[in-house]
Protein chains: 2
Amino acid sequence: MDAMPPPSRPVAGAEVPPGAALLPVTVDVVALTVRDDALHVLLVERGVEPFRGALALPGGFVLPGEGLAAAATRELAEEAGIAPPGYLEQLGTYGPLGRDPRGPVLSVAYLLLAPDFGLVRAGSDAAGAAWHPVADVLDPGALGFDHGRILADGVERARSKLEYSPLATAFCGPEFTVAELRRVYEAVWGVRLDPRNFSRKATGTPGLLVETGRFTSGGAGRPAALYRAAVRAPGIQGVGGSAATGDDGPASVPVVLDPPLLRPRS
Amino acid sequence: MDAMPPPSRPVAGAEVPPGAALLPVTVDVVALTVRDDALHVLLVERGVEPFRGALALPGGFVLPGEGLAAAATRELAEEAGIAPPGYLEQLGTYGPLGRDPRGPVLSVAYLLLAPDFGLVRAGSDAAGAAWHPVADVLDPGALGFDHGRILADGVERARSKLEYSPLATAFCGPEFTVAELRRVYEAVWGVRLDPRNFSRKATGTPGLLVETGRFTSGGAGRPAALYRAAVRAPGIQGVGGSAATGDDGPASVPVVLDPPLLRPRS
DNA sequence: CGGGGTTCTCGTCAAGCTGACATCAAAGCC
DNA sequence: GGCTTTGATGTCAGCTTGACGAGAACCCCG
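Residues numbered from 1 in each chain as written. Chains lettered and ligands numbered in written order. Predicted model: local features only at pLDDT ≥ 70, side-chain atom pairs only at ≥ 80, totals over all residues. Heavy atoms only, no water.

## Remarks on the pattern of salt bridges
Stage number 1. Under the defined criterion, the tally for this structure stands at 32 salt bridges over all chains.
Stage number 2. For Arg263 of chain A, the salt bridge is made with Glu163 of chain A, and the minimal N-O distance between the two is 3.3 Å. Here Arg263 of chain A, found in the segment after strand S9 (225–229), pairs with Glu163 of chain A, found in helix H3 (residues 147–164); they are 100 residues apart in sequence, far enough to count as distant.
Stage number 3. Since its relative accessible area comes to 6%, Glu163 of chain A is described here as buried.
Stage number 4. Between Glu156 of chain B and Arg263 of chain B there is a salt bridge; the shortest N-O distance is 3.4 Å. Remark: Arg263 of chain B occurs in the segment after strand S9 (225–229) and Glu156 of chain B occurs in helix H3 (residues 147–164); sequence separation between them is 107 residues. (Salt bridge = Lys/Arg side-chain N within 4 Å of Asp/Glu carboxyl O. Helix = DSSP H or I, 4+ residues; strand = E, 2+ residues; numbered from the N terminus. Buried < 20%, exposed > 50% of the residue type's maximum accessible area, 1.4 Å probe, protein only.)

Right, here's the structure in full:
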């Protein structure tokens, strides 16, 4: 669907009722990763008004003939410099009133859970994207527009996703250890988990891990068994075949963890 | 926010980049209720093309100067005849490509969990709204547009909501018995629950029920204790004060059930 | 080469929760 | 008054959870 040509008329609505509003639509992405045992979010420094100089989520306007998910991946590729791996799902829609000083704008937010991929032009360009610790920018007002609220919603969505879906593996590389997976949970939830109980739970939960038979080497301590994700997250690049018509609804969870991995209750 | 006057220029986008698409936006509502121990959805029979004569979710185009949630409540009021009670939250956004034969249209879907409220003009008018058992219309193709998929997403959202939030009470009236609440769970999940275990769990979960001290009378069997919802669902009518700026993001869950009420696993 | 430190893996055990089921209580109905 | 219906309370085995001990396998260092 990325290669779909623009339609003949760039502005739709010729057959819709005359009273309907025609709205510009943006796509903003909450891209989360875990680095140095802390949750990070991909942010850009805005180079143009409004909110010039402020930090904001990567995103931009949907172009004519473009789907929502396609717009999200395009903006990520433009502002992060690469087509990042990971799991992408729709987060929610905000607006159109009272969120952009230029006027009514509808914004569809997406959530990306990704391993710590490198950034092209990281921090060098004026509008370059960079990872920021979520804890540093979680207070309202740290980001332009209503992106502080969108980020908070994205973090909360990620936290609950980790409980009931195997998507914690989306933060890891193709092969990882149980300890790496545990540090993902610890960073996203902001808690400390017992390594022994977590290992028992993670390896005993069907649909989460697949043994590779291989082990780590070179690190300190006893070598750890390497695992792969039991489900390949239907992410940005991995779609492969056409997902029917332009698949722009809220992504369905690939698998539900059963029993869930509940976070400790205070 | 309902009374907000339209802005001076009905079509926004004067200051947005020239390449951005201007899209008509519709709001569709998946209104669910429980009647006769079965999950029902509010549907309208379309009176105009496209999909004339087919069943579809109530909804319509967002008007200039109107917020998303306001458009959802307005469409519900127009097509159901009243301002229904219940809990409203955003479900997801679909499109804009390949879902409306008239051209690109963005659709923001909302989910309403409501008690079995009466319908004005129920079934009489050509475009009147009526409750339909979800089981009758869940197969793809039963509804116009992509509403079959939106309904499926809404039902799945409702199912998981019941596990981790006290929103099952949104299906009940102001006072209800544990048995009524259990029938809500049974209808939404499609399972049979043991009344004794359910009662122990429901009354023992903090943040779900509040005793009223009153009891049912007149029915068959021993009178049952009447309860109220511990949290009033922030629904359509109950907002009261202004919810800051036009609150059109995905609604946050009012309270999280802890421990959750997990549905039986297969 | 051997000891200490580190990390991973397996085992143990009490406490709490879940699912299955029995028992009692309180109404209506004949 | 007995029967039926429905709600409330209790019991009990089995499982899961949280806390923690102990051994295994690697690295580093002297």
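Back to the write-up after that little detour.
## Concerning the protein's contact with DNA strand D
Stage number 1. In the vicinity of DNA strand D there are 18 residues, among which Arg196, Asn197, Arg200 and Lys201 of chain A together with Arg222 of chain B approach most closely.
Stage number 2. A share of 44% is what sugar and phosphate atoms reach among the atoms of DNA strand D within 4 Å of the protein.
Stage number 3. Taking Lys201 of chain A, its side chain carries an N or O atom lying 2.8 Å from a phosphate oxygen of DNA strand D.
Stage number 4. Ala225 of chain B places a polar main-chain atom, nitrogen or oxygen, 2.9 Å from a phosphate oxygen of DNA strand D.
Stage number 5. At the level of secondary structure, the elements contributing two or more residues to the surface near DNA strand D comprise helix H5 (195–204) of chain A together with helix H5 (195–204) of chain B.
Stage number 6. In terms of residue count, the dominant contributor to the surface near DNA strand D is H5 of chain A (four residues).
Stage number 7. Across the surface near DNA strand D, the residue classes tally to six nonpolar, four polar and eight charged. (Near = heavy atom within 4 Å. Polar contact = N/O pair within 3.5 Å; in protein donor to acceptor, adjacent residues only side chain to side chain. Nonpolar A, V, L, I, M, F, W, Y, C, P; charged D, E, K, R; others polar.)

## Observations concerning the protein's contact with DNA strand C
Stage number 1. By nearness alone, 18 residues border DNA strand C, and Ala225 of chain A together with Arg196, Asn197, Arg200 and Lys201 of chain B come closest of all.
Stage number 2. Among the atoms of DNA strand C lying within 4 Å of the protein, the sugar-phosphate backbone contributes 50%.
Stage number 3. Contact distances for DNA strand C include 2.9 Å between a base nitrogen and a side-chain N or O atom of Asn197 of chain B.
Stage number 4. Contributions of two or more residues to the surface near DNA strand C are made by H5 of chain A together with H5 of chain B.
Stage number 5. Per-element tally for the surface near DNA strand C: the top contributor is H5 of chain B, with four residues.
Stage number 6. Residue composition of the surface near DNA strand C, grouped by class: six nonpolar, four polar and eight charged.

## A few points about the pairing of strand S6 (residues 106–113) of chain B
All names here are of chain B.
Stage number 1. Counted residue by residue, S6 has eight buried out of eight residues, so it is predominantly covered.
Stage number 2. In this sheet, S6 lies alongside strand S1 (residues 22–35) in parallel orientation, the contact comprising eight bridges. Bridge pairing in S6 links Leu32 to Leu113.
Stage number 3. In the sheet, strand S5 (residues 87–94) pairs with S6 via seven bridges, with the strands oriented antiparallel. When the sheet's bridge partners are listed, Thr93 is paired in S6 with Val108. (Pairing = 2+ DSSP bridges.)

## What to know about the environment of Leu111 of chain A
All names here are of chain A.
Stage number 1. When you line up the elements, Leu111 lands in strand S6 (residues 106–113).
Stage number 2. Along the sequence, Leu111 and Asp258 sit 147 residues apart, while their C-alpha atoms lie 23 Å from each other.
Stage number 3. Not counting residues within four places of it along the chain, the set of residues in contact with Leu111 comprises Val30, Leu32, Tyr87, Leu88, Glu89, Leu91, Gly154, Arg157 and Ala158. (Contact = heavy atoms within 4.5 Å.)

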